Amino acid sequence: METEQYKIIVDDACKWLKTYKEEEKQFDIIFGDLTDIPVHEGGDTWDFVRTVVKAALSLLPVGGKYYTHCNGVSAKSAVQYFEKMLNSLGVPIEIQQTQAHVPSFCEKWIFYQVTRKEGPITDDVNGDE
């Protein structure tokens, strides 16, 4: 679905993030609907999440928004690890979260609104760009 003001893409996120980075495109809003954030620390899934989120944030202009879900409120360590990851990406951001009951999960779920702030994008603490 597409108009002059938006385009909904249902495809490989990594492919499109790379394409748009090469084209130097920016977006006011990006919705991230990836896999649920893992409840364990580290590993391949976290590497994937880190790569996708940093690539998405790098396509936002100052004031642009990245919206995503995280995990249930009971997964406190996963939520803390996610916020730590966000703050270590080397992208200046402001983080807000909201919570809402998701009936199919039988739990309150945490949703993030990440706003790109003024400043350069740098290497993150893991050396990823």
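These figures come from a predicted structure and were not determined experimentally.

Participant: It is not clear to me how the nonpolar core should be interpreted in this structure. Could you clarify?
Facilitator: Judged by nonpolar contacts, the single largest core of 24 residues is most densely connected at V53, L57, Y66, F82, M85, L86 and Y112. For this core, the secondary-structure elements that each account for two or more residues are α1 (13-22), α2 (44-58), β2 (65-72), α3 (76-87) and β4 (107-116). The element contributing the most residues to this core is α2, with six residues.

Participant: Explain the environment of F111 to me, please; I cannot follow it from the model alone.
Facilitator: Within the secondary structure layout, F111 lies in strand β4. Linking F111 and Y67, residues 44 residues apart in sequence, is a C-alpha distance of 7.4 Å. When residues no more than four places from it in sequence are discounted, the contact partners of F111 are T68, H69, Q96, Q97, T98, A100 and V102.

Participant: Whenever I open this one, the packing of α2 against α3 confuses me. Can you help?
Facilitator: The description of two packed helices rests on the angle between their axes and on the distance between the axes. It is at 11 Å that the axes of α2 and α3 come closest, and there the two elements cross at 45 degrees. Considering their axes alone, α2 and α3 lie oblique with respect to each other. Considering how the two elements wind past one another, α2 and α3 form a crossing that is right-handed. Contacts between α2 and α3 involve W46, V49, R50 and V53 on the former and, on the latter, A78, Y81, F82, M85 and L86.

Participant: How should the pattern of salt bridges be read in this particular structure?
Facilitator: Two side chains bearing opposite charge may form a pair once their charged atoms approach each other closely. Tallied over the full model, the rule gives one salt bridge. The partner of D11 in a salt bridge is K15, and the shortest N-O contact between them spans 2.7 Å. On the accessibility criterion, D11 (44% relative accessible area) is partly exposed.

Scoring rules and cut-offs
- Residues numbered from 1 in each chain as written.
- Predicted model: local features only at pLDDT ≥ 70, side-chain atom pairs only at ≥ 80, totals over all residues.
- Heavy atoms only, no water.
- Core = buried A, V, L, I, M, F, W, Y, C linked by side-chain atoms within 4.5 Å.
- Buried < 20%, exposed > 50% of the residue type's maximum accessible area, 1.4 Å probe, protein only.
- Helix = DSSP H or I, 4+ residues; strand = E, 2+ residues; numbered from the N terminus.
- Contact = heavy atoms within 4.5 Å.
- Axes fitted to C-alpha atoms, helices over the stretch in contact; angles between N-to-C directions.
- Parallel < 35°, antiparallel > 145°, perpendicular 65-115°, else oblique.
- Left-handed = near helix turned anticlockwise from the far one by under 90°.
- Salt bridge = Lys/Arg side-chain N within 4 Å of Asp/Glu carboxyl O.

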